[in-house]
Amino acid sequence: MAIFNLKKREIECKVVYYGPGRGGKTTNLEYIFKTFRKQITGEMVSINTEGDRTLFFDFLPMGLGKIKGCEIKVQLYTVPGQVQYSSTRKLVLRGVDGIVFVADSLAVRRDKNMLSLKDLQANLKEYGLNIFKIPLVLQYNKRDLEEQGIPIMSVEQLDHDLNRQLKVPSFPGSALKGDGIGVALKECMKLTLKSLQKELKWAQ
Amino acid sequence: MGDKENIKRILQEAELYQGQGLLNEARLKYDEASDLVRNNPKIKNKGKILAGLSKKINLLEVDSQKVERGPSSPELSSKAQDLIQKLFSFSKEESAEEAALEGALALARFGQFERALEEFDKLMANDAHRVVAAKNILRCHIALDSEETAADKYEVWAKGDMFSADQLETIRIFLEQVFENKGLKRKLTVVQAPAEAVVEEKQDEEFIDISAIGIPLESGPGKGKVVEFDVNFQSGNLLSLIISQKDGKLIENLEVDSSFEDLQFYSPIAIFNGSGVVAAKSEIKAGPKQGDYCLDIKITST
Ligand SMILES: Nc1nc2c(ncn2[C@@H]2O[C@H](COP(=O)(O)OP(=O)(O)OP(=O)(O)O)[C@@H](O)[C@H]2O)c(=O)[nH]1
Ligand SMILES: [Mg+2]
């Protein structure tokens, strides 16, 4: 749930990067941290375990400046993707306003993408949220691996697997190279702010 | 494609997966490559190639084991602890105290006991949360293996005037139950309520205190038995158990999402049955509880 401070005319909202383990959520945040310097308002904090796997979460605070007379602050989080951290994943998701689902384009991770999306749906449901209604975009990551001859799924295949029913904006990209990362976040922010505007009616 | 090229391509895949931490996927590819080499009559120095491959597979196994052993609960920097506290204080708009309690519980759940203690100590100043804070202070001391400190704390409270006689009685029953579950025969001072005292209204906590849990095992070395474990932390219907290394075998076959129909819950007032599900399982890799397991069980119905 976003926090709307009427007196300060300030909105603080929460965007969570979700997806299967090793899919590139942390790499997304690292790229954003490096690239959008002007909007970054603090340090990136990562709590990792063995082999750089996220243990609790990554955190990155951003400020988007004034929109319709209101200061917009965004907190970006990643969840730990590994299956066994399900209770942490659920805790980090609490109070979410918008989601970037980072799918892994690697053909060998096809099932894991679908399972993770199902897990997201189940966790949202426990918070009384509907995956069809929450601001959500898909990011198809690791597209750069095609050049190296590693088997990856086509965008059509990924759309068919993950987006057939959701029909949300989807962005092929590479967190390693930075392709498609900014646009995915921007679209997610746009959807999130639109939905908050409806809910909080701050622009009227 | 020539056989050699095919093998090379598979190995390239294996290495990439390994580099990305996709260890199972890498393993499958190394196995595939080994099979191709083994079954190919045209390859000359098979022995050497296969030895090289099995060396790679061994290294991969070492990595996998490190990962499987699960998360360490590292002692985090105070900045990271602040962040956890802030992130999990969901009620900050509604009630500062409620938020402080949520934040402290989160710190304890992530194994940051010392810091959690500081936060619970602060919450002792708050009338509405004092009893809950006190119980959690005792839980933290016990998680840190200092039962004596927990008992001493209680005795200090028993002498002071921070708690009513009723509240002290709740705390005493709670702590004695914890001691009993641990096989300790520690008796605590009973504080008599003054005769004319009116019974204070019970604090409404969201879930009854559960001090231990009995889990019926369906497989593994303890198959058919009900094993009992102490509950180290509780937040609502989520119970966290710390299970010693030597009992690790018993829970070997329990996985996240394993569910139980007939769990036994032991509370200071009653023993009751219910169902639950494993919410998380991990090994503790650092600190005084190193090598022990942390198992979270969510009560789904009672
Ligand atoms: N080639 C390539 N590799 C990537 C890309 N994005 C991430 N990786 C690699 O994939 C691995 C996992 O990336 P992370 O960002 O740690 O993945 P994660 O989703 O945060 O993983 P968990 O924290 O375990 O859930 C790392 O080795 C990254 O370098 C990408 O776009 N292209
Ligand atoms: Mg990560």
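Computed from a predicted model, the values in this text were never measured in an experiment.

1. Overview of the overall build of chain A
Part 1: Scanning chain A from terminus to terminus reveals five helices and eight strands.
Part 2: Walking chain A from its N terminus toward its C terminus, one meets helices and strands in the order β-β-α-β-β-β-α-β-α-β-α-β-α.
Part 3: Against the compact-globule benchmark of 17 Å for 204 residues, chain A has a radius of gyration of 16 Å, which places it among compact chains.
Part 4: Considering only C-alpha atoms, chain A reaches an extent of 55 × 35 × 30 Å along its principal axes.
Part 5: Classification of the 204 residues of chain A by burial places 57% in the buried group.
Part 6: For chain A, the share of sequence-separated contacts (at least 6 apart) that also reach a separation of at least 24 residues comes to 68%.
Part 7: Counting every atom, chain A has about 9,100 Å² of accessible surface; 51% of that belongs to carbon and sulfur.
Part 8: Placing the 32 positive and 22 negative side-chain charges of chain A at their respective mean positions leaves the two points 7 Å apart.

2. Side note on the interface of chain A and chain B
Part 1: Listed as interface residues are 36 residues of chain A and, on the opposing side, 36 residues of chain B.
Part 2: The contact between chain A and chain B buries some 3,100 Å² in all, and 65% of this surface belongs to carbon and sulfur atoms.
Part 3: Summed over the shared surface of chain A and chain B, the result is three salt bridges.
Part 4: Note that Glu-25 of chain B is salt-bridged to Arg-109 of chain A, the shortest N-O span being 2.6 Å.
Part 5: Where chain A meets chain B, there are seven residue pairs in polar contact (both at pLDDT 80 or more).
Part 6: In terms of residue count, the dominant contributor to the side of chain A that touches chain B is helix H2 (residues 86–93) of chain A (six residues).
Part 7: By residue class, the composition of the side of chain A that touches chain B is 16 nonpolar, nine polar and eleven charged.

3. Notes on the coordination of the magnesium ion (ligand 2)
Residue and element names in this part refer to chain A.
Part 1: On the protein side, the magnesium ion (ligand 2) has Thr-26 (OG1) and Thr-54 (OG1) as donor atoms, found 2.0 Å from it. With a gap of 28 residues between them, Thr-26 in helix H1 (residues 25–35) and Thr-54 in strand E4 (residues 54–67) connect regions that are remote in the sequence. Accessibility classification places Thr-26 together with Thr-54 in one group, the buried group.

4. Overview of helix H4 (residues 155–162) of chain A
Residue and element names in this part refer to chain A.
Part 1: For H4, every residue scored as buried is listed here: Leu-158, Asp-161 and Leu-162. Along H4, the residues classed as buried sweep out an arc of 75° about the axis, all on the same side.
Part 2: In this structure, the buried side of H4 is in contact with strand E6 (98–104), helix H3 (110–126) and strand E7 (136–141).

5. Regarding the environment of Phe-59 of chain A
Residues and elements named next belong to chain A.
Part 1: Relative to the helices and strands, Phe-59 resides in strand E4.
Part 2: According to the relative accessible area criterion, Phe-59 is buried, its value standing at 6%.
Part 3: In this structure the C-alpha to C-alpha distance between Phe-59 and Pro-169, which are 110 residues apart in sequence, comes to 24 Å.

6. Describing the packing of aromatic side chains
Part 1: Taken as a whole and assessed by the stated rule, the structure comprises nine aromatic pairs over all chains.
Part 2: Seen from their ring centres, Phe-265 of chain B and Phe-272 of chain B are 5.4 Å apart, and the 45° between their planes marks the pair as tilted.
Part 3: Note on Phe-265 of chain B: relative accessible area 0%, which makes it buried.
Part 4: Aromatic ring contacts, followed pair by pair, group Phe-56, Phe-57, Phe-59 and Tyr-77 of chain A together with Phe-88, Phe-90 and Phe-110 of chain B into a single cluster.
Part 5: Here the guanidinium or amino end of Lys-14 of chain A rests over the ring plane of Tyr-77 of chain A, the centre of that ring lying 4.7 Å away.
Part 6: A cation sits over an aromatic face here: Arg-37 of chain A above Phe-33 of chain A, 4.5 Å from the ring centre.

7. Quick look at the confidence of the model for chain B
Residue and element names in this part refer to chain B.
Part 1: For chain B, per-residue confidence averages 86 on the pLDDT scale, and 93% of positions sit at 70 or higher.
Part 2: Helix H2 (residues 23–38) holds the highest mean pLDDT among the elements of chain B, 95, whereas strand E3 (residues 233–235) holds the lowest, 82.
Part 3: When the criterion is pLDDT under 50, residues 197–205 qualifies, and its contacts beyond four places in sequence or with other chains add up to eleven contacts.
Part 4: Our summary of model confidence lists the complex with pTM equal to 0.76 and ipTM equal to 0.92.

8. Description of the sheet that holds strand E7 (residues 293–301) of chain B
Residue and element names in this part refer to chain B.
Part 1: Strand order in the open sheet formed by seven strands is E2-E1-E5-E6-E7-E4-E3, with antiparallel pairing between adjacent strands. In the strand order of this sheet, the two ends are held by strand E2 (226–230) and E3, each with one partner. Within this sheet the neighbouring strands show an average axis-to-axis angle of 35°, counted without direction.
Part 2: For strand E1 (residues 212–216) and E2, the ladder comprises five bridges, and the chain directions are antiparallel. Within E2, the residue paired with Pro-216 across the bridge is Val-226.
Part 3: Sitting on the sheet, helix H5 (residues 96–109) touches E3, strand E4 (238–243) and E7, and the angle it makes with E3 is about 140°.

Parameters at a glance
- In every chain, residue numbers begin from 1 and rise along the written sequence.
- Following the order in which they are written, the chains are lettered starting with A and the ligands numbered starting with 1.
- In keeping with the predicted nature of the model, local features appear solely for residues at pLDDT of at least 70, side-chain atom pairs appear and are counted solely at 80 or more, and the whole-chain, interface and lining totals rest on all residues.
- Side-chain numbers come from the whole structure's heavy atoms, not from hydrogens or water.
- For the purposes of this entry, the term helix denotes a DSSP run of H or I that reaches at least four residues, the term strand denotes a run of E that reaches at least two, and both are numbered from the N terminus.
- With C-alpha atoms as the basis for the radius of gyration, the globule rule is written as 2.2 Å multiplied by the number of residues raised to the power 0.38.
- Between buried and exposed lies partly exposed: a residue is buried under 20% and exposed over 50% of the maximum accessible area for its type, with that area taken using a 1.4 Å probe on protein chains only.
- Throughout, a residue-residue contact means that at least one pair of heavy atoms, one from each residue, lies within 4.5 Å.
- Shrake-Rupley sampling with a 1.4 Å probe provides the accessible areas, and residues are treated as covered by the protein chains on show and by no other component.
- Positive charges come from Lys and Arg alone, negative charges from Asp and Glu alone, with His and the N- and C-terminal ends not counted.
- All charge positions are set by atom: Lys at NZ, Arg at CZ, Asp at CG, Glu at CD.
- Buried area adds together the accessible area that both of two parts lose upon being put together, with accessible area traced by a 1.4 Å probe.
- Salt bridges are counted wherever a side-chain nitrogen of Lys or Arg sits within 4 Å of a carboxyl oxygen of Asp or Glu.
- Distance and chemistry together define a polar contact, namely a pair of N or O atoms within 3.5 Å, with one atom able to donate a hydrogen and the other to accept it when in protein, and with adjacent residues in sequence counting only for side-chain atoms on both sides.
- Each residue gets one of three labels, nonpolar for Ala, Val, Leu, Ile, Met, Phe, Trp, Tyr, Cys and Pro, charged for Asp, Glu, Lys and Arg, and polar for the others, Gly among them.
- Only nitrogen, oxygen and sulfur atoms count as donors, using a 2.8 Å cut-off from the metal that widens to 3.2 Å for Na, K and Ca. Water is left out, so coordination shells may look unfilled.
- To be clear, the arc concerns the directions from the helix axis to the C-beta atoms.
- Geometry of aromatic contacts follows a simple scheme: Phe, Tyr and Trp rings, the Trp one being its six-membered ring, pair when their centres are within 6.5 Å, and the pair is stacked under 30 degrees between planes, edge-to-face over 60, tilted otherwise.
- Charge over a ring is defined by NZ of Lys or CZ of Arg lying within 6 Å of the ring centre and within 35 degrees of the ring normal.
- The quantity known as pLDDT measures the predictor's confidence residue by residue, on a range of 0 to 100.
- Pairing between two strands is assigned when DSSP locates at least 2 bridges connecting them.
- Interaxial angle, 0 to 180 degrees, is taken between N-to-C directions of lines fitted to C-alpha atoms, where a helix line uses only the stretch in contact.

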